[in-house]
Amino acid sequence: MPPEANLTAAGALQGARGRGRLPGWLPTVALLLPTYGWLFVAVFLPLLTMLVFSFMNATPMGRAPIVFTLKQYQAFVTQPYLVGIAWTSLVMGLTTTVACAILGFFAALALARTTANRARETLLILILLPFWTNGLVRIFSWTMVLREGGFLDNVLHWFAPDAGSVGFLYTRAAIVLGLVHGYLPYMILTCYIALVTIDDAIVEAATSLGARWWTILFKILVPMAMPGIVSGSVLTFVPVIGSFMEPRILGGRVGVTMGTVIEDQFTQAFNWPLGAALSFTMLAVVLAIFATFSGVLRRGTGAAA
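These lines cover the structure that appears in this document, whether it is placed above or below.

Definitions and cut-offs
- Residues numbered from 1 in each chain as written.
- Predicted model: local features only at pLDDT ≥ 70, side-chain atom pairs only at ≥ 80, totals over all residues.
- Heavy atoms only, no water.
- Helix = DSSP H or I, 4+ residues; strand = E, 2+ residues; numbered from the N terminus.
- Contact = heavy atoms within 4.5 Å.
- Phe/Tyr/Trp six-rings, centres within 6.5 Å; stacked < 30°, edge-to-face > 60°.
- Buried < 20%, exposed > 50% of the residue type's maximum accessible area, 1.4 Å probe, protein only.
- Lys, Arg positive; Asp, Glu negative; His and termini not counted.
- Salt bridge = Lys/Arg side-chain N within 4 Å of Asp/Glu carboxyl O.
- Expected span 1.5 Å × (residues − 1).

A few words on the environment of leucine 109. Tracing the sequence through the fold places leucine 109 in helix H4 (residues 81-113). Linking leucine 109 and leucine 217, residues 108 residues apart in sequence, is a C-alpha distance of 9.8 Å. Residues in contact with leucine 109, not counting those within four places in the same chain, are Thr114, Leu195, Leu217 and Leu221.

Next up on the list: the packing of aromatic side chains. Here the structure, examined in full by the defined rule, presents nine aromatic pairs. Considering the side-chain rings of phenylalanine 105 and phenylalanine 106, the 5.5 Å spacing of their centres and the 80 degrees angle between planes classify their relative orientation as edge-to-face. Judged by relative accessible area, which is 43%, phenylalanine 106 ranks as partly exposed. With a centroid separation of 4.8 Å and 85 degrees between ring planes, the pair formed by tryptophan 158 and phenylalanine 159 is classed as edge-to-face. Each member of the pair tryptophan 158 and phenylalanine 159 is classed as exposed. Members of the aromatic cluster, each reached through a chain of ring pairs, are Phe53, Phe266, Phe270 and Trp272.

The next subject is the environment of valine 286. If you trace the backbone, valine 286 turns up in helix H14 (residues 272-292). The contacts of valine 286, once residues within four sequence positions are left out, are Phe237, Val238 and Ile241.

For the rest of this paragraph, the subject is unusual backbone geometry. Here tyrosine 170, not a glycine, exhibits a phi torsion of approximately 65 degrees, which is positive. Checked against the element boundaries, tyrosine 170 lands in the loop between helix H7 (151-159) and helix H8 (172-196). Assessed through its relative accessible area of 48%, tyrosine 170 is described here as partly exposed. Backbone geometry at phenylalanine 270 places phi at a positive 55 degrees, although glycine is not the residue there. With respect to the helices and strands, the residue phenylalanine 270 is situated in the loop between helix H13 (258-267) and H14.

Relative to the assigned elements, arginine 120 resides in helix H5 (residues 117-128). The side chain of arginine 120 is buried and forms no salt bridge, while aspartate 200, the nearest opposite charge, is found at 7.6 Å. Among all residues touching arginine 120, those that are not within four sequence positions of it are Leu111, Ala112, Thr115, Tyr192 and Val196.

On to helix H10 (residues 213-224), then. The end-to-end C-alpha distance of H10 is 15 Å, a good match for the 16 Å that twelve residues give at a rise of 1.5 Å each. Considered for burial, the residues of H10 that qualify are Ile216, Leu217, Ile220, Leu221 and Val222. Structurally, H10 contributes buried residues whose contacts are with H4, H8, helix H9 (200-208) and helix H11 (226-240).

Interpretation note: all reported values are geometric properties and have no functional meaning in isolation.
Listed below in structure tokens is the structure:
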């Protein structure tokens with residue numbers, strides 16, 4: 001057979017194989033489609049629905065005619081008390097995040113630097129225990145500890161029978177304590193993941209050069225663990241400012257936050273458009289805060305890298 005015929009046959013065979021082969025992008029799409037499809041159905045679709053609700057004048061399940069309006073987003077102007085509630089929620093979220101960052105970092109530091117093998121595994125299980133219990137059970141357990149005549153008072157009176165009550169249930173401090181208990185594991189785990197990757201040789205070199213413990217802590221460990229601290233802060237701050245169980249149960253009359261107000265709009269007042277508008281307004285505030293401090297966060301993570 002002439003060489004030209006061989007080349008023609010080989011080209012035809014290769015063309016046939018090319019026509020039967022799947023496009024290179026198709027397997028990637030097939031693998032990603034279930035994940036992103038579920039993410040769209042479970043997260044983005046409800047958010048889009050609530051976004052549409054926020055521009056309505058009334059709940060769509062009612063009998064009132066639906067008119068699209070910006071009235072719901074004017075709530076902070078027409079109802080000025082919401083500004084104070086939003087400020088309280090932001091301050092409470094910041095306080096909780098800072099407390100979790102301090103406690104979580106040092107707990108993760110002790111876990112990563114002073115434990116190993118079975119002891120470390122046991123402590124990790126103890127840290128994860130709050131995730132295995134119902135949130136309401138944890139919160140109501142704190143009411144038994146913090147109320148007047150509760151566990152805290154009984155322990156105090158065992159040492160000082162004539163002492164007064166130290167219970168502080170139905171205060172903002174009780175709300176912050178419950179929030180720290182609920183979200184501290186997020187901070188510990190993210191800081192632990194960052195700290196466990198630090199090479200021991202770096203700390204040993206600093207020690208051999210005469211560095212004090214505070215120098216090692218603030219010049220080496222904290223900057224290198226900054227990505228974990230930032231991640232834990234985001235995972236803590238975002239859900240805390242929208243929480244409603246801890247403020248309602250542990251705060252009582254002082255536990256009025258944006259989370260409880262939004263919950264009341266959906267469950268009590270049945271004013272879904274206002275609840276959705278308040279939710280997206282708080283989301284915009286959170287995004288603005290992160291955008292403002294994004295330069296600081298980038299510098300921190302860049303220094304850690």
